[in-house]
Amino acid sequence: MENFVYEYPTKVCFGRGAAGQHLPGLLAGYGPNVLLAYGGGSIKKNGVYEELTGILKAAGKTVTEFSGIMSNPTFAKVREGAKLAREHHIDLILAVGGGSVVDCCKIVAAQAVTDEDLWDLEMVQHKTPAAAPIPLGAVVTASGTGAEMNGGAVITNESAKIKGGMFAAAPRFAILDPDYTMTLPRMQVLSGAFDTLSHAMETYFGRSDQDNVSDEVALAIMRSTVVNIRTLLRDINDYTARSNLMWTSAMAENGILKVGRLTDFECHQIEHQLGAYTDCNHGQGLAVLHPVYYRHIVKDAPEKFARMGQAVFGVEGAEAAVEALVAFIQECGLPTKMSQLRSKEEITPELLRQVADSTNLLPNGYRQLTHDEVYEILMECV
Ligand code: NZQ
Ligand code: ZN
């Protein structure tokens with residue numbers, strides 16, 4: 001195994017009724033001023049807003065609302081939230097939503113306590129923020145990213161056309177109630193679950209070949225994610241499958257799969273830059289890119305691919321593993337071509353060249369790509 005330090009900062013309260021049961025006690029540990037952060041309004045339609053504001057009121061909290069956090073959140077939105085948090089002397093940020101809301105709030109929590117611009121500090125100067133962030137709690141309404149159990153946040157700088165990962169605040173607690181996800185549109189349920197599968201694959205396909213228990217856990221997460229997605233394809237409201245997927249989502253990104261090993265995440269790097277240029281849905285972008293990326297690297301790690309194919313899809317051989325993944329993506333009805341992604345700009349070869357040239361090239365996959373090969377991969381997805 002590679003050397004590691006594992007520390008786990010988030011308390012997780014999981015299950016039906018978790019907010020009503022646990023939030024009052026959790027809130028008691030923080031001061032009176034709460035920033036209630038959410039997205040475009042789904043929580044107002046499904047009753048989550050009403051339930052949470054009731055709990056906050058009963059706890060005697062003064063609530064400031066920070067709403068309209070968009071999918072693929074922007075750094076401009078972070079600045080807006082940080083300004084609100086300062087003006088209202090916020091003691092706790094409660095992020096209610098999916099990965100986008102949680103990520104935006106992670107950076108708000110860190111940005112609100114410093115005059116330095118965190119984008120400049122982290123992404124340009126490559127330094128980490130010194131001040132302790134405002135405490136953050138997450139109430140998850142869309143699972144898949146696992147953002148609720150780590151300190152990383154993915155944010156888009158629109159003017160720089162960069163979607164990148166920053167280190168910010170890890171939530172002190174996370175409420176995971178599968179019932180809160182029941183109103184999610186079907187395609188978001190599936191693309192979120194595919195994101196979870198992707199996280200486990202990206203971790204497993206890092207170039208660590210020593211026998212490692214983390215690989216066994218990653219394969220179990222992949223297998224469980226596939227099984228539970230298949231259950232949802234038959235009945236999208238199956239509570240047991242939603243529960244399992246909510247927890248595999250958190251497990252895939254809480255660091256436990258990464259213990260003692262190197263990770264790949266090149267496909268995520270390409271998808272993030274595709275997102276910076278097109279604003280496409282994260283899980284759907286991954287569904288389009290993964291098969292093509294894996295066809296490029298399968299010959300660099302045939303045994304690893306074959307082991308995954310056997311354990312997850314019950315097929316023999318490395319190429320068969322990749323083709324089983326392709327068939328599974330089709331079975332889910334997820335996009336398989338760039339033209340099926342919703343994009344804010346027309347996807348042209350010139351645009352894809354810019355995506356390729358601005359993609360981070362990571363060192364720990366089975367073969368480091370070049371910008372030209374990223375461009376080839378993107379063009380093969382058209
Ligand atoms: O904004 P509202 O109205 O709430 O609607 C949202 C949004 O349109 C909707 N939604 C959420 N909960 C709902 C609901 N609709 C009905 N009922 C509910 N219960 O779902 C839509 C998508 O939400 P979003 O948060 O954007 O999706 P997701 O959770 O997939 O998050 C994607 C973001 O997370 C980043 C992605 O890059 C992307 O920016 N990621 C974060 C990671 C992390 N921090 O660890 C890792 C991931 O790899 C990923 O990069
Ligand atoms: Zn992801």
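Source: prediction; values computed, not measured.

(A) Main features of helix α5 (residues 99-111). Counted at 1.5 Å a residue, the expected span for α5 with its 13 residues is 18 Å, and the 18 Å between its end C-alpha atoms agrees. The buried fraction of α5 amounts to 13 of the 13 residues, a majority that puts the element mostly inside the structure.

(B) Geometry of the coordination of the zinc ion (ligand 2). Around the zinc ion (ligand 2), the protein contributes the donor atoms Asp195 (OD), His199 (NE2), His268 (NE2) and His282 (NE2), which lie 2.0 to 2.1 Å from the metal centre. When the donor residues of the zinc ion (ligand 2) are listed from N- to C-terminus, their spacing reads D-x3-H-x68-H-x13-H. Linking aspartate 195 in helix α7 (residues 186-204) with histidine 282 in helix α11 (residues 282-297), this pair joins segments that are 87 residues apart in sequence. With relative accessibility at 16%, the residue histidine 282 sits in the buried group.

(C) A look at the domain arrangement of the protein chain. Segmenting the protein chain into domains produces domain 1 (11-180) and domain 2 (186-380). A C-alpha centroid distance of 26 Å is found between domain 1 and domain 2. Counting residues at the interface gives 22 residues for domain 1, matched by 22 residues for domain 2. Of the roughly 2,000 Å² buried at the junction of domain 1 and domain 2 (both faces included), carbon and sulfur atoms supply 58%. The interface formed by domain 1 and domain 2 includes one salt bridge.

(D) Local environment of the packing of aromatic side chains. Counting across every chain of the model gives 10 aromatic pairs. Here the aromatic rings of phenylalanine 14 and tryptophan 247 are separated by 6.4 Å at their centres, their planes lie at 75°, and the arrangement is edge-to-face. Of this pair, phenylalanine 14 sits in strand β1 (residues 11-14) while tryptophan 247 is found in helix α9 (residues 239-252), placing the two residues 233 residues apart along the sequence. In this structure phenylalanine 14 comes out as partly exposed when scored by relative accessible area, which is 38%. Accessibility expressed as a relative area gives 35% for tryptophan 247, which makes it partly exposed. Through pairs of rings, three or more aromatic residues link up here, namely Tyr204, Phe205, Tyr293, Tyr294 and Phe305. Over the face of the ring belonging to tyrosine 49 we find lysine 44, whose NZ or CZ atom lies 4.7 Å from the ring centre. Geometry around tyrosine 375 places arginine 353 over its ring, the cationic atom sitting 4.7 Å from the centre.

(E) Structural detail: a nonpolar patch on the surface. A cluster of nonpolar side chains, namely Met1, Phe4, Tyr6, Tyr8, Val213 and Ile256, defines an oily patch on the protein surface of about 550 Å² accessible area. Mapping tyrosine 6 onto the fold places it in the segment before β1.

The rules behind each value
Residues numbered from 1 in each chain as written. Chains lettered and ligands numbered in written order. Predicted model: local features only at pLDDT ≥ 70, side-chain atom pairs only at ≥ 80, totals over all residues. Heavy atoms only, no water. Helix = DSSP H or I, 4+ residues; strand = E, 2+ residues; numbered from the N terminus. Expected span 1.5 Å × (residues − 1). Buried < 20%, exposed > 50% of the residue type's maximum accessible area, 1.4 Å probe, protein only. Donors = N, O, S within 2.8 Å, 3.2 Å for Na, K, Ca; no water. Domains from an automatic or database assignment. Contact = heavy atoms within 4.5 Å. Buried area = accessible area lost by both parts, 1.4 Å probe. Salt bridge = Lys/Arg side-chain N within 4 Å of Asp/Glu carboxyl O. Phe/Tyr/Trp six-rings, centres within 6.5 Å; stacked < 30°, edge-to-face > 60°. Lys NZ or Arg CZ within 6 Å of the ring centre and 35° of its normal. Patch = residues over 30% accessible without salt bridge, like charges linked within 9 Å, V, L, I, M, F, W, Y side chains within 5 Å. Areas by Shrake-Rupley, 256 points an atom, 1.4 Å probe, with all protein chains shown as cover.

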